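# Reading the structure
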Amino acid sequence: MTYRDAIFSHRLSTGVLPLGAASAMLLAWPAQAHVKWFAPYIVGAAPQPVSATLSNTWFWLGIVLVLLFFLATRAVEETSGGEAILRGMDRLSDPLWSRLDDFVRVVIGAFFVAIFAVGGVYLTPDLKTPSEMVSWAQLLIAMLIFSRRTQPLAAAGIIGLWLLALRDYDIFHLLDYLALGVGVAAYLVLEASSKPEWRKHRFQALRWGVAIALMWSSLEKFAYPDWFYPLVLEKPFLTFGLPRDVFIPMAGVAEFTMGFGLLWTPLVRRLSAISLFVIFNAAVYPFGRVDLIGHALIMAVIVAIAADHTREVFFLPKLKKALIGVPVGLTVALTLFVASYWGLHAGFYGSQGTTAADVERITHTPDVEHPHDAQDSASQPE
């Protein structure tokens, strides 16, 4: 490494990287509160056309900021300074890394104990159920996690709960939680495996599950920005003084791209995980225990990703290691997810959607000082 390379690496690591990470965290903080847990929604309503997002200046500004952050991180990662940063992260996370499976299993078990104690939900706060048997099944899943012999049964139970929820909820709604559930179930099966060639992919399964879940849920900010208006009315500080229609698309970009970052190279994914961990923790105060319990699994996986010492890149390594791979990969991911989201919605509900009043579900008690009235929300200044 030349002197010039060392100076370049130092400037990037001390200037551009923190600035980019701070920008991403600032944009995404309130975006991590799942809107269906806190505000009225109609899943079958026609989404805003994709063209509205593609013509939005703030969407493209968010994309540019994130690309700068990713490219700067990749440039540093290719230098000896990047490896030094990774080794420093390794030293800090060594105690956790040596017991990472125990940590993940304990948190998964604690999550199911928590939703058993809350009662009346399938897997997340917005999936309500009057069935007591569902709650007892969640306690059983928690008990099955603490033996490798029974972990596959716990995995089957998680998938079973998602399938059971199909009795009461549309499949499009439940797609919000499919990737995370499959990722956690796959981890439990792989972690219990006696085959090393299978077991080594257990944390990768978790990463993919969380990354896909984040990228999928982020699309709500583009498809249904008006769903977020009640939250802005109740908690105006969430936008940091920005107009709501500036903040929401940029927050969506931040959430999607940090989820995307979890699938990239070691330094990108670990910095993305650290940023997401700070964001999710910051969201607990304004949104309370519902947010903490609902996001517990994601937060645990994010910690596991940040502590992961693995340097190997398993999927498309040549693309990910090339600088051009960042914009190419992000473009492909956005295209794939947007086409899937809008395409599946049209397939399930038709091109015009459904706006029947009886399909609206309200998953919390609105603030009496800021009632969730669609007309009032829509009339607020931009």
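The structure displayed is predicted, hence computed values, not measured ones. (Residues numbered from 1 in each chain as written. Predicted model: local features only at pLDDT ≥ 70, side-chain atom pairs only at ≥ 80, totals over all residues. Heavy atoms only, no water.)

### Let's talk about the overall build of the chain
In plain terms, the rule: The secondary structure listing takes helices from DSSP runs of H or I that are at least 4 residues long and strands from runs of E that are at least 2 residues long, numbered from the N terminus. Between buried and exposed lies partly exposed: a residue is buried under 20% and exposed over 50% of the maximum accessible area for its type, with that area taken using a 1.4 Å probe on protein chains only. The contact definition used throughout considers only heavy atoms, calling two residues in contact when any of these lie within 4.5 Å. Residue exposure ignores everything except the shown protein chains as possible cover, and the areas themselves are Shrake-Rupley values with a 1.4 Å probe.
Each helix and strand in the chain was counted, giving 18 helices and zero strands. Sorting the 382 residues of the chain into buried and exposed places 53% on the buried side. The long-range share in the chain, meaning contacts at least 24 apart out of those at least 6 apart in sequence, stands at 80%. In the form shown here, the chain has an accessible surface area of approximately 17200 Å², with 67% of it arising from carbon and sulfur atoms.

### Let's talk about the nonpolar core
Our working rule: Put simply, buried Ala, Val, Leu, Ile, Met, Phe, Trp, Tyr and Cys residues joined by side-chain atoms within 4.5 Å make one nonpolar core.
In this structure, Ile-108, Phe-112, Val-184, Leu-188, Phe-256, Leu-262 and Tyr-341 are the most contacted members of the largest nonpolar core, which totals 92 residues. No other element matches helix 8 (residues 171–191), which puts 10 residues into this core. Leu-188 has contacts with Ile-108, Ile-145, Gln-151, Ala-154, Ala-155 and Ile-158, leaving out every residue within four places of it along the chain.

### Details of helix 8
The criterion, for reference: Helix span is expected to be 1.5 Å times the residue number reduced by one. What the bend at a residue measures is the angle between two axes, fitted to the seven residues ending there and to the seven starting there.
Taking 1.5 Å of rise per residue, the 21 residues of helix 8 would be expected to cover 30 Å, and the 29 Å separating its terminal C-alpha atoms lies within 8% of that figure. Its axis deflected by about 45° at Tyr-177, helix 8 carries its strongest bend there. Taken across its 21 residues, helix 8 has 16 buried, putting it largely inside the fold.

### Things to note about a nonpolar patch on the surface
Put simply, the test is: A patch is a set of surface residues, each over 30% in relative accessible area and not in a salt bridge, joined within 9 Å for like charges and within 5 Å for the nonpolar side chains Val, Leu, Ile, Met, Phe, Trp and Tyr. The working definition used for a salt bridge is a side-chain nitrogen of Lys or Arg within 4 Å of a carboxyl oxygen of Asp or Glu.
Residues Ile-159, Leu-163, Leu-166, Ile-171, Val-182, Leu-344 and Phe-348 make up a contiguous nonpolar surface patch of about 530 Å² in total accessible area. Put simply, the parts of the chain that give the nonpolar patch at least two residues each are helix 7 (151–164), helix 8 and helix 17 (325–349). For Leu-163, the location among the structural elements is in helix 7.

### What to know about the packing of helix 6 (residues 132–144) against helix 7
What counts here: All axes here are fitted lines through C-alpha atoms, helices being fitted over the stretch that makes contact, and every angle between N-to-C directions spans 0 to 180 degrees. Oblique is the label for any angle not under 35 degrees, not over 145, and not in the 65 to 115 range, which are roughly parallel, roughly antiparallel and roughly perpendicular in turn. Two helices cross in a left-handed way if the nearer one is turned anticlockwise from the farther one by less than a right angle. They cross in a right-handed way if the turn is clockwise. In this classification, the charged set is Asp, Glu, Lys and Arg, the nonpolar set is Ala, Val, Leu, Ile, Met, Phe, Trp, Tyr, Cys and Pro, and all remaining amino acids, among them Gly, are polar.
Packing of helix 6 against helix 7 brings their axes to within 8 Å, and their N-to-C directions diverge by 155°. Put simply, helix 6 runs roughly antiparallel to helix 7. As helix 6 packs across helix 7, the resulting crossing turns out to be left-handed. Two secondary-structure elements touch here, helix 6 through Val-134, Ala-137, Gln-138, Ile-141 and Leu-144 and helix 7 through Gln-151, Leu-153, Ala-154, Gly-157, Ile-158, Leu-161 and Leu-164. A breakdown of the residues in the contact of helix 6 with helix 7 according to their chemical character gives nine nonpolar, three polar and no charged.

### Some remarks on the confidence of the model for the chain
Note the threshold: pLDDT gives the predictor's per-residue confidence on a scale running from 0 to 100.
Looking at the chain, pLDDT values average 81 and 79% of them are 70 or higher. Taken together, the stretch residues 356–382 has pLDDT below 50 and engages in 45 contacts with residues farther than four places along the chain or on a different chain.

### Quick look at the pattern of salt bridges
Per the counting criterion, the structure on display carries 14 salt bridges. The closest approach of N and O atoms between Glu-83 and Arg-311, which form a salt bridge, is 3.3 Å. With Glu-83 in helix 4 (residues 80–97) and Arg-311 in the loop between helix 15 (296–307) and helix 16 (317–321), the pair connects residues that are 228 residues apart, well separated along the chain. With its nearest N and O atoms 3.5 Å apart, the salt bridge here joins Arg-199 to Asp-101. Of the two residues, Arg-199 is situated in helix 9 (residues 196–199) and Asp-101 in helix 5 (residues 100–118); the sequence distance between them amounts to 98 residues. Since its relative accessible area comes to 11%, Asp-101 is described here as buried.

### Brief notes about unusual backbone geometry
We note that Leu-316 has phi near 50°; this positive angle belongs to a residue other than glycine. A relative accessible area of 44% places Leu-316 in the partly exposed class.

### Observations concerning the packing of helix 7 against helix 8
Helix-helix packing is described using two parameters, namely the angle between the two axes and the distance between the axes. Direction vectors running N to C along helix 7 and helix 8 enclose 175°, while the axes themselves pass 9 Å from each other. It follows from the interaxial angle that helix 7 and helix 8 lie roughly antiparallel. Across the interface between the two elements, Gln-151, Pro-152, Ala-154, Ala-155, Ile-158, Ile-159 and Trp-162 of helix 7 pack against Ile-171, Leu-174, Leu-175, Tyr-177, Leu-178, Gly-181, Val-182, Val-184, Ala-185, Leu-188, Val-189 and Glu-191 of helix 8.

### Some details on the environment of Arg-99
Operational definition: Under this definition, polar contacts are N or O atom pairs within 3.5 Å; protein pairs additionally need one hydrogen-donor-capable and one acceptor-capable atom, and for neighbouring residues in sequence, both atoms have to be side-chain atoms.
By secondary structure assignment, the location of Arg-99 is in the loop between helix 4 and helix 5. There is a polar contact of 2.6 Å between the side chain of Arg-99 and the side chain of Asp-102.

### A look at the packing of aromatic side chains
The test is simple: Under the pairing criterion, centres of Phe, Tyr and Trp rings, with the six-membered ring standing for Trp, must be within 6.5 Å; the plane angle then separates stacked pairs below 30 degrees from edge-to-face pairs above 60, leaving the rest tilted.
This model, assessed by the stated rule, comprises 19 aromatic pairs. Consider the rings of Trp-97 and Phe-203, whose centres lie 6.1 Å apart with planes at 45°: the pair is tilted. One end of the pair, Trp-97, is in helix 4; the other, Phe-203, is in helix 10 (residues 202–218), with 106 residues separating them in the sequence. What makes Phe-203 buried here is its relative accessible area of 10%. Centre to centre, the rings of Tyr-122 and Tyr-169 are 6.4 Å apart; their planes meet at 85°, and the pair counts as edge-to-face. Remark: Tyr-169 occurs in the loop between helix 7 and helix 8 and Tyr-122 occurs in the loop between helix 5 and helix 6; sequence separation between them is 47 residues. There is no split in this pair, since Tyr-122 and Tyr-169 are both buried. Of the aromatic side chains, those joined through ring pairs into one cluster are Phe-172, Trp-216, Tyr-341, Trp-342, Phe-348 and Tyr-349.

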